[in-house]
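Observations on chain architecture
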Amino acid sequence: MEKCLFCRLAAGEIPSDTLFEDDRVKAFKDINPGAPVHFLVIPKEHIASVRDLAEHDADLLGHIFDVINTQAKRAGLVPNGYRIVVNHGADAGQSVQHLHFHVLGGRKLSWPPG
Ligand code: 5GP
Ligand code: ZN
């Protein structure tokens, strides 16, 4: 099966501005930032969307949130705050079919999102 965009990025076949990576996850800057700080955290394994997560992904998810919090602090987003976003499906505007957590900050973010 052909690898998806973020599987290729996770494998290093597509370059990215990487903030952190290990055997399970990668954190990298969004190519089209929506805030002064905007990075993505992805599992290296292909999981198409948040709806494909199940109980057995608990460890992976804990690790992803640990990476999110560590990188958010490193990017200067603590204590002012940051937003974590996961888009699923057409109405939410998911454009890459590989699970990714957006982390946005560095300015006051409006609510609710558009
Ligand atoms: P979605 O719309 O699926 O929630 O988010 C996909 C995100 O991936 C978008 O914010 C988009 O800018 C980002 N993106 C798409 N292609 C690339 C790429 O090749 N490299 C990086 N770093 N980000 C990408
Ligand atoms: Zn993938």
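Quick look at the structure, then.

What to know about the coordination of the zinc ion (ligand 2)
- Each protein donor to the zinc ion (ligand 2) is listed here as C4 (SG), C7 (SG), H46 (ND1) and H98 (ND1); together their distances run 2.0 to 2.3 Å.
- Metal-centred angles of 102 to 120° between the four donor atoms at the zinc ion (ligand 2) mark the site as tetrahedral.
- Motif for the zinc ion (ligand 2), donor spacing along one chain: C-x2-C-x38-H-x51-H. Taken together, the positions of C4 in the segment before α1 (5-10) and H98 in the loop between α3 (89-92) and β5 (101-105) put the pair 94 residues apart, joining distant regions of the chain.

Section: the site of ligand 1
- In the region of ligand 1, 16 residues are neighbours, and D30, N87, S95, H100 and H102 sit closest.
- Between ligand 1 and K29, the relevant distance is 2.9 Å, taken from a nitrogen atom to a main-chain nitrogen or oxygen of the residue.
- With respect to ligand 1, the side chain of H102 contributes an N or O atom lying 2.9 Å from an oxygen atom.
- When ligand 1 sits alone it has 520 Å² of accessible area, and the protein chains cover 83% of it.
- Mapped onto the shell around ligand 1, the elements with two or more residues apiece are α1 and β2 (25-29).

Quick word on helix α2 (residues 58-74)
- Between the first and last C-alpha of α2 there are 24 Å, a value that for 17 residues agrees with the 24 Å anticipated at 1.5 Å per step.
- Looking at α2, one finds that the buried residues are L60, H63, I64, V67, I68, Q71 and A72. Taken around the axis of α2, the buried residues stretch over an arc of 165°, which confines them to a single face. In α2, the exposed positions angled more than 90 degrees off the buried face are occupied by D59 and K73.

Thresholds applied
- Residues numbered from 1 in each chain as written.
- Chains lettered and ligands numbered in written order.
- Predicted model: local features only at pLDDT ≥ 70, side-chain atom pairs only at ≥ 80, totals over all residues.
- Heavy atoms only, no water.
- Donors = N, O, S within 2.8 Å, 3.2 Å for Na, K, Ca; no water.
- Tetrahedral: all angles 85-135°; square planar, octahedral: opposite > 155°, others 65-115°.
- Helix = DSSP H or I, 4+ residues; strand = E, 2+ residues; numbered from the N terminus.
- Near = heavy atom within 4 Å.
- Polar contact = N/O pair within 3.5 Å; in protein donor to acceptor, adjacent residues only side chain to side chain.
- Areas by Shrake-Rupley, 256 points an atom, 1.4 Å probe, with all protein chains shown as cover.
- Expected span 1.5 Å × (residues − 1).
- Buried < 20%, exposed > 50% of the residue type's maximum accessible area, 1.4 Å probe, protein only.
- Arc of directions from axis to C-beta.

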